[in-house]
Amino acid sequence: MPTGTIMAPMPTRVAPQQQAPAPVSYIYDFKTRNQSFLTMHYYLKSKGYNNNAFMLILFDTDLVGVDPYDPNLSPLYKQKILIEIRRNLWYFIREVSRIPQSGGPPSSFQLDRANMAVLYLLQFNINIYEEIPRQCGKTQGIAAFYLWLYNFRTQSSNIVFLNKKMETTKENLQRLKDQREALPSYLRFETVYGLDGKPLKTPNTVEYITNPINKNRIKCLPSATSEGKASNLLRGKSLSGLWIDEAGFIPYLASIITNGMPALRTSMDQCKKNGAPHGIIYTSTPGSLTNPDAEYFYRLVQDMTEFDESWYDLTLNQLFEILNANQKSSFVKIRYNYRQLGKSEDWFKNLCKDMGFDYDAIRREVLLNWEATSKNCPFSKDELETVGRFVREPVSTILVFGKYKLNIYKTYDNLMQLHSSQFAVGCDVSAGSQSDSSTMVVVDARTSELVMEFNCNYISIMEFARVIIEVVTSYLPLNNTVVTVERNGVGHGLLSRLVQSPIKRNLYFEIKDKVIDERNDGAGHITRTKQRVKQFGLYNTQEVRLDIMDLLMNRVQNFPHLITSKLILNELEGLERKGDKIDHSTNTHDDTIFGYMLALYPLYYGKNIKENWNIDLARFKTIDSCDDEMFDPELDEHKDYIVEKLANLENDLIKQQMQYLATDKSKLYNDYFAEERRKDEEALKRLLNTKLGRKAYMETYHSTETDLKYNYGEIQNIPDDVFLNFYKTEDHIAEEKRKYDKERRNLY
């Protein structure tokens, strides 16, 4: 059984000058009876994550195989279980927590990708927002966490529950009580006894509970019925925890948060100083953006940092570096659809029946769509639904510089396939201080398929330039890539950095006649001197805007199968006609759409793109032609005759050539290429076995000793099946290809 050491959990109160606790031993309990935890372990392992067994951690090895519900447990083992629970959230959730079931006994907690992410972040006191479909265990999962806090982890803490209705808030508190009732009697702590041995009365009601031993308290607050009541709801309250359920439906949420946050921040900073658990939890399904409260919360959600499962492999410092990079929000958004939670299509169909096929409710509460579709949207409902049918999750993600998320939608089998492909990159620039985002979209220039997608609403221009350079130089072939940047506004600042970078030759440009000076000729006339210049980027003029809108309409109508991004679909739904132009509504964005259109623009309207960037002219198959068979009357007339002749063909030359190919004298190019790569890797290993060789390698490729531990310089955050690193120069590859082609020609 794997073992290791970690830092001991921080006690409730620690003096600032106290030294760090000594390491303690732990194991991973693969003998747990809770199969869902093992399933999540194997899931993370299959995805290639190294930190894949944290949910199985156990400090006290004596508890392996011990059932906390065994009626014959000795006082010693009850004490051991209590100690383990207090310092190990995962043990409590895995082995002890029970969820009441209608018409049956309580069941073990079922771990899935969503509540695993929630619990992982909550143990580090990180504010989170969880968005999953209804009937997927969201509320019970949060109640289990608060039960652990309330009964075991902390003391003298005030926690508040809030919902859109007081009755629903009380139901959430009752869920916690029901889970506590399902615990073994020695872990409930619902009663304290006096000196006379009689139970003392504890002031518990349907609206609040108080733990008589550790003095923790949970209280339900009523929803506000007016702006004034909302502003006073949390004002001045000293809280260590706040759970706002159905946050997208809370009346006057803006007033509640705005007026209550100063006191919350002060009290939670005090908890942090004392080493006590603290934080805010939002849970909700999407609301309708016609509601001002939902609109306010939607804006909060847009500013949050989106969770990525690659975070499991990060150190705490790396994790908080990502979170601190977001200057707009301290929250992490955790969102999973029903497929990602292991729910079947039959489950979805049955839920739709139960909801009476209320399409609007299904879209919001099951499919997790914020209803942002404008009444004067330029696209019909059928067109948007068609796009929606092709939307899928990214096949992988990359954390650029360890903190900026890049979604990958298309992979390439090997280096030669990637190197021979052509790519178009579009970049829409935001200043990083408003609600707009800086976006980058990469498409395959030969098929116009979406390859990569980047969207960040808090990145600076300087950092965005670094991300673009990193993506283009590390993951795309420089000889076959064009990068189009919007030149308007802050785009000038971005371009000024890119033209000084290694990707200058990849930047899209147009040749323009530009006035370079003006002078008075002495007779009262102004003489202007013009000169032809290379103008990098694309000015978003009225003419260009019209071209882009035509291109967008064409994409939706003829190429919906290639718009695979959920983010682009959401932005399409929020577009609206404003006079003779199309723009996003006040509650939505179009940044990713515009990045997408900038990527496609040179493929449709660019001049000399073959000569300047080695990009072939656009010739893409529409959705209507995907299943059609091209008809050639002449070929079809002799079809049977040709097939018959081919079937009976006996050609000695072909037999000879096939026999030659079957011997070791010739190899398919993939085999040849793999063998050459193996030779290079062996040479590289010999080089790195020497001190001078390692030093030369690190200086040449700007690597560190740590990098050499990961396949001698390959980027550790990129799965092998996404984009392969270049391990040879372009000239070397071209020379090998020429040798191979020559060998192949000699066969015929």
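See the structure above.
Quantities reported herein were computed from a predicted structural model and do not represent experimental measurements.

Colleague: Help me get a handle on the sheet that holds strand β13 (residues 279–283), residues and values and all.
Modeller: The eight strands lie next to each other as β10-β11-β7-β12-β13-β6-β15-β14, forming an open sheet whose pairing is mixed. The open sheet has two edge strands, β10 (208–210) and β14 (305–306), and neither has a second partner. Pairing between strand β12 (residues 241–245) and β13: five bridges, direction parallel. Across the sheet, the residue bridging to isoleucine 244 is tyrosine 282, located in β13. Along the sheet, helix α6 (residues 166–181) contacts β7 (158–162), β10, β11 (217–221) and β12; its crossing angle with β11, the most-contacted strand, is approximately 155 degrees.

Colleague: Can you explain the packing of aromatic side chains? Please cite residues and give values.
Modeller: Taken as a whole and assessed by the stated rule, the structure comprises 32 aromatic pairs. Where phenylalanine 54 meets tyrosine 312, the ring centres are 5.0 Å apart and the plane angle is 35 degrees; that geometry is what we call tilted. Residue phenylalanine 54 is located in the loop between α1 (35–46) and β3 (57–58), and its partner tyrosine 312 is located in the loop between β14 and α10 (316–325); the two are separated by 258 residues in the primary sequence. Grouping residues by exposure puts phenylalanine 54 and tyrosine 312 together as buried. Relative to phenylalanine 536, the ring of phenylalanine 509 lies with its centre 6.1 Å away and its plane at 75 degrees, an arrangement referred to as edge-to-face. In this pair, phenylalanine 509 is assigned in strand β22 (residues 509–520) and phenylalanine 536 in strand β23 (residues 526–536), connecting sequence segments 27 residues apart. Each member of the pair, phenylalanine 509 as well as phenylalanine 536, is classed as buried. Through a chain of ring-to-ring contacts, the aromatic side chains of Tyr508, Phe509, Phe536, Tyr601, Tyr604, Tyr605, Trp613 and Phe620 assemble into a single cluster. Of note, lysine 164 hangs over the ring of phenylalanine 249, and the distance from its end group to the ring centre comes to 4.9 Å.

Colleague: How would you explain unusual backbone geometry if you had to name every residue and give the values?
Modeller: With a phi close to 60 degrees, asparagine 125 is a non-glycine residue in the positive phi region. Residue placement: asparagine 125 occurs in the loop between α4 (113–122) and β6 (127–131). Owing to a relative accessible area of 29%, asparagine 125 belongs among the partly exposed residues under this scheme. With a phi close to 55 degrees, phenylalanine 401 is a non-glycine residue in the positive phi region.

Colleague: Lay out the sheet that holds strand β16 (residues 396–400) in plain terms, naming residues and giving numbers.
Modeller: Remark on secondary structure: sheet strands pair via backbone hydrogen bonds, oriented parallel or antiparallel. Here six strands make up an open sheet; going across it, the order is β16-β17-β20-β19-β18-β21 and the pairing mixed. Edge positions in the sheet fall to β16 and β21 (481–485), since each has one partner strand and no second. Neighbouring strand axes in the sheet, compared pairwise and without regard to direction, differ in orientation by 15 degrees on average. As paired strands, strand β18 (residues 423–428) and β21 are joined by five bridges and run parallel to one another. In the strand pairing of β21, cysteine 427 is matched with valine 485.

Colleague: Run through the side chain of serine 438, naming residues and quoting values.
Modeller: Structurally, serine 438 can be placed in strand β19 (residues 438–444). Engagement of the side chain of serine 438 in a polar contact is seen with the backbone nitrogen of serine 430, the distance being 2.9 Å. Dropping the residues within four chain positions of it, serine 438 is found in contact with Asp428, Val429, Ser430, Phe454, Asn455, Cys456, Ile459 and Phe464.

Colleague: Can you break down the pattern of salt bridges residue by residue, with the values?
Modeller: Applying the stated criterion across every chain, the model contains 23 salt bridges. Between arginine 335 and glutamate 131 there is a salt bridge; the shortest N-O distance is 3.2 Å. With arginine 335 in strand β15 (residues 331–335) and glutamate 131 in strand β6, this residue pair connects regions lying 204 residues apart in the sequence. Overall, arginine 335 belongs to the partly exposed group, its relative accessible area being 23%. In this structure, arginine 188 engages glutamate 181 in a salt bridge whose closest nitrogen and oxygen atoms are separated by 4.0 Å.

So, how was this worked out
- Residues numbered from 1 in each chain as written.
- Predicted model: local features only at pLDDT ≥ 70, side-chain atom pairs only at ≥ 80, totals over all residues.
- Heavy atoms only, no water.
- Pairing = 2+ DSSP bridges.
- Helix = DSSP H or I, 4+ residues; strand = E, 2+ residues; numbered from the N terminus.
- Contact = heavy atoms within 4.5 Å.
- Axes fitted to C-alpha atoms, helices over the stretch in contact; angles between N-to-C directions.
- Phe/Tyr/Trp six-rings, centres within 6.5 Å; stacked < 30°, edge-to-face > 60°.
- Buried < 20%, exposed > 50% of the residue type's maximum accessible area, 1.4 Å probe, protein only.
- Lys NZ or Arg CZ within 6 Å of the ring centre and 35° of its normal.
- Polar contact = N/O pair within 3.5 Å; in protein donor to acceptor, adjacent residues only side chain to side chain.
- Salt bridge = Lys/Arg side-chain N within 4 Å of Asp/Glu carboxyl O.

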